[in-house]
Amino acid sequence: MNELEQKHIKLTKAFVKQTLETAEGGHDWFHIERVYHNALKIAEKEPVDLYIVALAALLHDIADSKFHDGNEAVGPQKAREFLFGINIDSVAIEHVVKIIENISFKGGNEPQQFHSKELEVVQDADRLDALGAIGIARTFNYGGFKNHKLYDPEIPPKLNMSKEEYKASKAPTINHFYEKLLLLKDRMNTKAGQQMALDRHRYMEGFLNRFYAEWEGKL
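In this text the structure is predicted, and so the values were computed from the model without any measurement.

S.K.: Describe the overall build of the chain, and please don't skip the residues or the numbers.
M.R.: Per the secondary structure count, the chain includes 10 helices and zero strands. Scanning the chain from its N terminus toward the C terminus, one meets helices and strands in the order α-α-α-α-α-α-α-α-α-α. Taking 17 Å as the expected radius of gyration for a compact globule of 219 residues, we find that the chain reaches 18 Å, a close match to that expectation. Its C-alpha atoms put the chain at 60 × 35 × 30 Å along the principal axes. Partitioning the intrachain contacts of the chain with sequence separation of at least 6 by distance along the chain shows that 67% fall at a separation of at least 24. By element, 51% of the accessible surface of the chain is carried by carbon and sulfur atoms, the whole surface being about 11700 Å².

Structure representation (structure tokens):
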């Protein structure tokens with residue numbers, strides 16, 4: 001990236017860090033920072049515009065719809081206004097906004113309306129942060145934030161949910177592993193993302209085995 005692009009990245013980091021200062025722990029600045037670093041790592045092996053990848057990774061959760069009454073327009077609009085305010089090229093702005101609009105899981109059955117290599121990289125980086133030890137921690141943090149049950153054997157996971165059902169779900173936290181997290185390994189876009197996801201996926205499987213053993217008093 002050139003000097004001006006690096007300046008834009010620096011301004012974006014400062015904006016995101018300040019905006020998410022009081023955010024829920026799984027969607028705070030540290031989540032953004034991890035996704036940003038993972039995106040740069042994956043991008044090393046992909047033919048992408050690193051500038052777009054960096055901006056999109058930093059802004060992808062600037063206003064997650066989960067914390068704005070399900071309104072999916074808030075995040076893209078907030079990102080667009082910020083980027084316009086620091087004089088980013090209009091073509092770059094639209095690409096970043098399209099990535100933000102299409103990055104989320106949305107129940108896993110919603111057809112993606114936009115495609116680019118940059119989206120694939122940032123989406124993989126975001127999905128990686130939902131896997132492994134960090135993914136487990138974030139899942140239970142959000143479940144506690146929403147006062148969801150840890151686990152209820154009488155409430156089975158609900159697969160193939162619509163976007164609306166997924167967004168409205170109040171299911172126990174353990175169900176989220178089956179409704180989203182364990183599905184991500186096979187939905188990664190890049191080879192690097194696939195390789196990184198595999199180890200994290202296995203770690204979650206081990207955690208679930210241990211969880212059930214302790215729940216049932218076997219350990």
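Read on, since the account is not over.
S.K.: Explain the packing of aromatic side chains to me, and be specific about the residues and the numbers.
M.R.: According to the stated counting rule, one finds 11 aromatic pairs in the structure shown. Ring centres of Phe140 and Phe177 lie 6.0 Å apart, and the angle between their planes is 45°; this geometry places the pair in the tilted category. In this pair, Phe140 is assigned in helix α7 (residues 132–145) and Phe177 in helix α9 (residues 173–179), connecting sequence segments 37 residues apart. Phe177 sits in the buried class, given a relative accessible area of 0%. With a centroid separation of 6.1 Å and an interplanar angle of 45°, the aromatic rings of Phe207 and Phe211 are classed as tilted. With Phe207 and Phe211 both in helix α10 (residues 191–215) and four residues apart, this pair spans about one turn of that helix. Residue Phe211 is classed as buried on the basis of its relative accessible area of 14%. Among the aromatic residues, ring-to-ring pairing joins Phe140, Tyr151, Phe177, Phe207, Phe211, Tyr212 and Trp215 into one connected group.

S.K.: Would you mind going over the pattern of salt bridges in detail, with residue names and values included?
M.R.: On inspection of all chains with the given rule, the structure shows 10 salt bridges. Two residues, Asp186 and Lys185, come together in a salt bridge whose shortest N-O distance is 2.9 Å. By sharing partners, the salt bridges in this structure join Arg34, Asp129 and Arg138 into a single network.

S.K.: So what about the nonpolar core? Which residues, and what values?
M.R.: With 61 residues, the main nonpolar core has Val16, Leu59, Leu83, Ile88, Val96 and Phe177 as its most contacted residues. Every element with two or more residues in this core is listed here: α1 (3–19), α2 (29–43), α3 (50–59), α4 (74–85), α5 (90–102), α6 (117–128), α9 and α10. No other element matches α3, which puts nine residues into this core. What Val16 contacts, discounting residues up to four positions off in sequence, is Trp29, Ile32, Leu58, Leu59 and Ile62.

S.K.: Give me the lowdown on unusual backbone geometry, citing residues and values where you can.
M.R.: Unlike most non-glycine residues, Asn87 shows phi in positive territory, near 65°. With respect to the helices and strands, Asn87 occurs in the loop between α4 and α5.

S.K.: Can you explain the environment of Ala73? Please cite residues and give values.
M.R.: Among the secondary structure elements, Ala73 is positioned in the loop between α3 and α4. Placed 28 residues apart in sequence, Ala73 and Glu101 show a C-alpha to C-alpha distance of 8.0 Å.

S.K.: Hey, could you go over the environment of Phe105 for me, with residue numbers and the actual values?
M.R.: Along the chain, the position of Phe105 falls in the loop between α5 and α6. In the structure, Phe105 is positioned 62 residues away from Ala43 in sequence and 21 Å away in space, judged by C-alpha atoms.

S.K.: Outline the environment of Phe177, listing residues and values.
M.R.: Put simply, Phe177 and His148 are 29 residues apart on the chain and 14 Å apart in space, counted from C-alpha to C-alpha. If we ignore the near neighbours within four places in the chain, the residues touching Phe177 are Ile136, Thr139, Phe140, Leu182, Met204, Phe207 and Leu208.

S.K.: Provide a residue-level description of α5, including the pertinent values.
M.R.: Between its terminal C-alpha atoms α5 stretches 18 Å, which fits the 18 Å expected from 13 residues at 1.5 Å a residue. Listed in full, the buried residues belonging to α5 are Ala92, Ile93, His95, Val96, Val97, Ile99, Ile100 and Asn102. For α5, the elements touching its buried residues are α3, α4 and α6. Put simply, Asp89 is the residue that caps the front of α5, since its side-chain oxygen is 2.9 Å from the backbone nitrogen of Val91.

About the thresholds
Residues numbered from 1 in each chain as written. Predicted model: local features only at pLDDT ≥ 70, side-chain atom pairs only at ≥ 80, totals over all residues. Heavy atoms only, no water. Helix = DSSP H or I, 4+ residues; strand = E, 2+ residues; numbered from the N terminus. Rg over C-alpha atoms; globule rule 2.2 N^0.38 Å. Contact = heavy atoms within 4.5 Å. Areas by Shrake-Rupley, 256 points an atom, 1.4 Å probe, with all protein chains shown as cover. Phe/Tyr/Trp six-rings, centres within 6.5 Å; stacked < 30°, edge-to-face > 60°. Buried < 20%, exposed > 50% of the residue type's maximum accessible area, 1.4 Å probe, protein only. Salt bridge = Lys/Arg side-chain N within 4 Å of Asp/Glu carboxyl O. Core = buried A, V, L, I, M, F, W, Y, C linked by side-chain atoms within 4.5 Å. Expected span 1.5 Å × (residues − 1). Polar contact = N/O pair within 3.5 Å; in protein donor to acceptor, adjacent residues only side chain to side chain.

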